Amino acid sequence: MRKAILAIIDFFHPPFKKFISLHNFRYMATGGGTLLLGILSYYFAYFVIFKTEEVNFGTIVLQRETASLLVDYIVAIPTSFLLNKYVIFTHSELKGRVQLFRFLNLQFINILATYVFLKFLLELLRDYPTLSILSRILVSVSMALFSYLYQHYFTFSVKKIGDKKAKKD
């Protein structure tokens, strides 16, 4: 499955070869695919699954938008983790449970930061409603960059070869 996914992604890389490395292109492609899957999940949940304005889950009642966002996260977060672990950052020597904990930590930070930054920008630009989509794009790009750095250097980090020798001395 990994080879098939990489073959599809790598097929589209040549025109971008001068601008972006293959590894970063793969990360962007899988991230974009996960984002699209999340959007489609949200859309499906909003228009097909949840027909009323309030959704009753027995012990909790959520607004239709919130319940749809929950479906988006339930689909996108595991998909993103699996793609990052088994397709993009396969060189990590960390245990899977450590990677998962760090990845979920990142998702919590992303959800919270996206909410705060978007709320701030929308309040700042409330007199310019046409700029709201630009705010969403700016926040999304910023969080994607942060996520890549967080995952590369922390969640799926790799021990440096010199680290093993230094510990033996």
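Quick note: structure is the one above.
Here the structure is a predicted model, which is why all the values come from computation and not from measurement.

Caption draft 1: Quick peek at the packing of helix α1 (residues 2-11) against helix α2 (residues 22-49). At their nearest, the axes of α1 and α2 sit 10 Å apart, and the two run at 105 degrees to each other. Taken together, the axes of α1 and α2 lie roughly perpendicular to each other. Contacts from Leu 6, Ile 9 and Asp 10 of α1 reach α2 at Leu 22, Phe 25, Arg 26, Ala 29 and Thr 30. Looking at side-chain class alone, the contact of α1 with α2 contains five nonpolar, one polar and two charged residues.

Caption draft 2: Geometry of the nonpolar core. Grouped together as the largest cluster of nonpolar side chains are 11 residues: Leu 6, Tyr 27, Ile 77, Phe 81, Leu 83, Val 87, Ile 88, Phe 89, Phe 103, Tyr 148 and Phe 156. With five residues, the top contributor of residues to this core is helix α3 (residues 64-88). Ignoring anything within four residues of it in the chain, the contact list for Phe 103 reads Ile 77, Ser 80, Phe 81, Asn 84, Gln 151, Thr 155 and Phe 156.

Caption draft 3: Quick look at the packing of α1 against α3. Where α1 contacts α3, the axes come no closer than 10 Å and their chain directions differ by 90 degrees. Classed by the angle they form, the pair α1 and α3 counts as roughly perpendicular. Judged by residue contacts, Arg 2, Ile 5 and Leu 6 of α1 engage Leu 83, Tyr 86 and Val 87 from α3. Partitioning the contact of α1 with α3 into residue classes produces five nonpolar, no polar and one charged.

Caption draft 4: Spatial organisation of the side chain of Arg 64. Within the secondary structure layout, Arg 64 lies in helix α3. Excluding residues within four positions of it along the chain, Arg 64 makes contact with Tyr 46, Phe 47, Phe 50, Lys 51, Thr 52, Glu 53 and Val 55.

Basis of the calculations
Residues numbered from 1 in each chain as written. Predicted model: local features only at pLDDT ≥ 70, side-chain atom pairs only at ≥ 80, totals over all residues. Heavy atoms only, no water. Axes fitted to C-alpha atoms, helices over the stretch in contact; angles between N-to-C directions. Helix = DSSP H or I, 4+ residues; strand = E, 2+ residues; numbered from the N terminus. Parallel < 35°, antiparallel > 145°, perpendicular 65-115°, else oblique. Contact = heavy atoms within 4.5 Å. Nonpolar A, V, L, I, M, F, W, Y, C, P; charged D, E, K, R; others polar. Core = buried A, V, L, I, M, F, W, Y, C linked by side-chain atoms within 4.5 Å. Buried < 20%, exposed > 50% of the residue type's maximum accessible area, 1.4 Å probe, protein only.

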